[in-house]
Amino acid sequence: MTEATKLMTNLTAATLVGDAPYGLIQDAAIALEGGRIRWVGPRGDLPSELAGAKAVDMGGRLVTPGLIDCHTHLVHGGNRAAEFEMRLNGASYEEVARAGGGIVSTVKATREASEDALLQDALRRVDTLIAEGVTTLEIKSGYGLEVETELRMLRVARAVMANRPVRVKTSFLGAHAVPAEYMDRADAYIDEVCIPALRDAHAEGLVDAVDGFCEGIAFSPAQIARVFDVAQTLNIPVKLHAEQLSNLGGAAMAAGYGALSADHIEYLDEAGVAAMAEAGTVAVLLPGAFYTLHETQMPPVQALRDLDVPIALATDANPGSSPLTSLLLTLNMGCTLFRLTPEEALRGATVNAARALGLSDVGTITAGQRAELAVWDIAHPAELSYRIGFNPLHSRIFGDLA
């Protein structure tokens, strides 16, 4: 033990390990040292060498791993409130598009925004997540659709971590949509913009994973595979927006590349579930987009359970289909819309979300893990999914306890 060892006592720990529901330990203690968890267990089992550590009484509160938002589009210019209003007033998707709405408007605003403006806007969104106990999050590019703006988005994502006490993993999403200047020339866009941007972003150290949107309105499995082939040569893991609006077999294709995750997956079939199970690919459910788009096709939750496919939950925070920056609300939506249990929801925003980002040092309260924890003014972890519009966060620990 060193003088820097801190001991959290008088708490309930939802460790998310072991056989007990939530991995719950009553009257627990957690020792932190050097930004890591040194020990966790019942307070009565505290090792003698930790008995002299500086203790902090947590007042009987619940402690969970810090929450993880594993799918966001937090860096972008502008907003799409005007088209939200247009749709509510009866405008069709085509009418919104003709008026300059849709992803085209976000691409235009993002291209026009400076790096500092993108960062300041992103930080406001990140702050709302931090205030709900988020300690790790993912941020995608994909609203530049040209080399320089894609790089600018990724630089901003990296800068978020330098400006806030939060861990950020980046995903290159150059294969998000076909920009207007490449309309009906998707293959040319992949060759002339997407792949060169990926190579440049990798050279700058800006990419932790490569993503794509595999859908009839975006890119085919074959086109995405060409991007994934390059990712493999660069030794970058992949993930995929798949089976959101139709079943193109994208999830199975991504699983063939050992994908970290397949996200959305409302139209995923049994073959896709089996492929994900075999590859260890995480299913990331995004109830915010399901809600916003008034979708009715449910993701195959029971099939995922049956084959032990890990299920994660994320906000999908973006200006169009999921303008959602509350991971706590996402937990509730995962339960109410997709019929997850509260324990599945919490695991989906911690241990399984970590796995979807390729991380093994966060997501549970275990010795050796990073000291990323959330302290809640509640008695039981089910309350995190139960309440709507209520934030019971008492404090967030990112590193050693102060």
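The rules behind these values
- Residues numbered from 1 in each chain as written.
- Predicted model: local features only at pLDDT ≥ 70, side-chain atom pairs only at ≥ 80, totals over all residues.
- Heavy atoms only, no water.
- Pairing = 2+ DSSP bridges.
- Helix = DSSP H or I, 4+ residues; strand = E, 2+ residues; numbered from the N terminus.
- Axes fitted to C-alpha atoms, helices over the stretch in contact; angles between N-to-C directions.
- Polar contact = N/O pair within 3.5 Å; in protein donor to acceptor, adjacent residues only side chain to side chain.
- Contact = heavy atoms within 4.5 Å.
- UniProt positions renumbered as here; feature names shortened; annotations may be inferred.
- Expected span 1.5 Å × (residues − 1).
- Bend = angle between axes of the 7 residues up to and from the residue.
- Buried < 20%, exposed > 50% of the residue type's maximum accessible area, 1.4 Å probe, protein only.
- Phe/Tyr/Trp six-rings, centres within 6.5 Å; stacked < 30°, edge-to-face > 60°.
- Domains from an automatic or database assignment.
- Buried area = accessible area lost by both parts, 1.4 Å probe.
- Nonpolar A, V, L, I, M, F, W, Y, C, P; charged D, E, K, R; others polar.

## Topic: the sheet that holds strand 1 (residues 6-14)
1) Next: Taken in spatial order, the 6 strands make up an open sheet running 3-2-1-4-13-14, and their pairing is mixed. Of all the strands in the sheet, just strand 3 (36-42) and strand 14 (393-398) have a single pairing partner and so form its edges. The average angle at which neighbouring strand axes cross in this sheet is 40 degrees, direction not considered.
2) Next: Sheet topology places strand 2 (residues 24-33) next to strand 3; 6 bridges connect them, and they run antiparallel. From the neighbouring strand, A29 faces strand 3, where its bridge partner is G41.

## Examining the side chain of K140
1) Next: Tracing the sequence through the fold places K140 in strand 6 (residues 134-140).
2) Next: Within the structure, the side chain of K140 is placed 2.6 Å from the side chain of E138, a separation counted as a polar contact.
3) Next: K140 has contacts with H71, T72, H73, M153, S171, L173, D211, K239 and H241, leaving out every residue within four places of it along the chain.

## Side note on the UniProt feature "binding site: Zn(2+)" (unreviewed entry) in the protein chain
1) Next: Per the UniProt record, the feature "binding site: Zn(2+)" (unreviewed entry) sits at H71, H73, H241 and D316. In terms of the greatest pairwise C-alpha distance, the residues named above, spread along 246 residues, form a tight cluster of at most 12.4 Å across.
2) Next: Secondary-structure assignment places H73 in the loop between strand 5 (67-69) and helix 1 (81-88).
3) Next: Apart from the residues within four sequence positions on either side, H73 is in contact with K140, S141, Y143, L173, H176, H241, D316, A317 and N318.
4) Next: Looking at H73, its side chain comes within polar contact range of the side chain of H71, at 3.3 Å.
5) Next: Note on placement: H241 falls in strand 9 (residues 239-242).

## Remarks on helix 6 (residues 186-203)
An α-helical turn contains 3.6 residues, so any two residues separated by three or four positions project in the same direction.
1) Next: Between its first and last C-alpha atoms helix 6 spans 24 Å; for 18 residues at 1.5 Å apiece the expected length is 26 Å, and the two agree.
2) Next: Along helix 6, the sharpest kink reaches roughly 30 degrees, centred on C194 and followed within four residues by the proline P196.
3) Next: Of the residues making up helix 6, those classed as buried are A186, A188, Y189, I190, V193, C194, I195, A197, L198 and A201.
4) Next: Backbone geometry just after helix 6 places G205 at a positive phi near 70 degrees.

## What to know about the environment of V75
1) Next: Checked against the element boundaries, V75 lands in the loop between strand 5 and helix 1.
2) Next: Given the relative accessible area of 0%, V75 is considered buried.
3) Next: Distance from V75 to L123, taken between C-alpha atoms, is 8.8 Å for residues 48 residues apart in sequence.
4) Next: Those residues within four positions of V75 in sequence are excluded, and the remaining contacts are L118, A122, I139, Y143, M153, V156 and A157.

## Focus on the packing of aromatic side chains
1) Next: Within the structure shown, the criterion is met by 4 aromatic pairs.
2) Next: Relative to F219, the ring of Y189 has its centre 6.0 Å away and its plane inclined at 25 degrees; by these criteria the two rings are stacked. Here F219 lies in the loop between strand 8 (209-214) and helix 7 (221-233) and Y189 lies in helix 6, a separation of 30 residues in the sequence. Judged on exposure class, the residue Y189 and its partner F219 are both buried.
3) Next: Taken together, a centroid distance of 5.4 Å and an interplanar angle of 75 degrees make the contact between F228 and Y257 edge-to-face. With F228 in helix 7 and Y257 in the loop between helix 8 (250-256) and strand 10 (261-264), this pair connects stretches of sequence that are 29 residues apart.

## A short note on the sheet that holds strand 12 (residues 311-313)
1) Next: One open sheet holds the 8 strands; their spatial order is 5-6-7-8-9-10-11-12, and the pairing between them is parallel. Strands with a single pairing partner mark the edges of an open sheet, and in this sheet they are strand 5 and strand 12. The sheet shows a mean angle of 25 degrees between the axes of neighbouring strands, taken without regard to direction.
2) Next: The sheet contact formed by strand 5 and strand 6 spans 3 bridges and is parallel. Looking at the pairing, I68 lines up with T136 of strand 6.

## Remarks on the UniProt feature "binding site: Fe(3+)" (unreviewed entry) in the protein chain
1) Next: When the UniProt feature table is mapped onto this chain numbering, "binding site: Fe(3+)" (unreviewed entry) sits at H71, H73, H241 and D316.
2) Next: Of the polar contacts made by the side chain of H73, one reaches the side chain of D316; its length is 3.3 Å.
3) Next: Residue class for H241 comes out buried when judged on its relative accessible area of 4%.
4) Next: Apart from residues lying up to four places away in sequence, H241 is in contact with H71, H73, K140, L173, D211, G212, F213, C214, D263 and H264.
5) Next: For H241, the side chain forms a polar contact with the side chain of D211, separated by 3.2 Å.

## Structural notes on the domain arrangement of the protein chain
1) Next: Under the domain assignment used here, the protein chain contains domain 1 (6-66 + 363-398) and domain 2 (67-357).
2) Next: The interface of domain 1 with domain 2 comprises 28 residues on the first partner and 26 residues on the second.
3) Next: Buried area between domain 1 and domain 2, both sides added, is near 2,000 Å², and the carbon and sulfur share of it is 61%.
4) Next: Looking at the side of domain 1 facing domain 2, the largest losses of area belong to L16, S385 and R396, adding up to 30% of the total buried there.
5) Next: Inspection of the region where domain 1 meets domain 2 yields 10 residue pairs in polar contact (both at pLDDT 80 or more).
6) Next: Those elements that place two or more of their residues in the side of domain 1 that touches domain 2 are strand 4 (54-65), strand 13 (372-376), helix 15 (383-386) and strand 14.
7) Next: A class-by-class count of the residues in the side of domain 1 that touches domain 2 yields 17 nonpolar, 7 polar and 4 charged.

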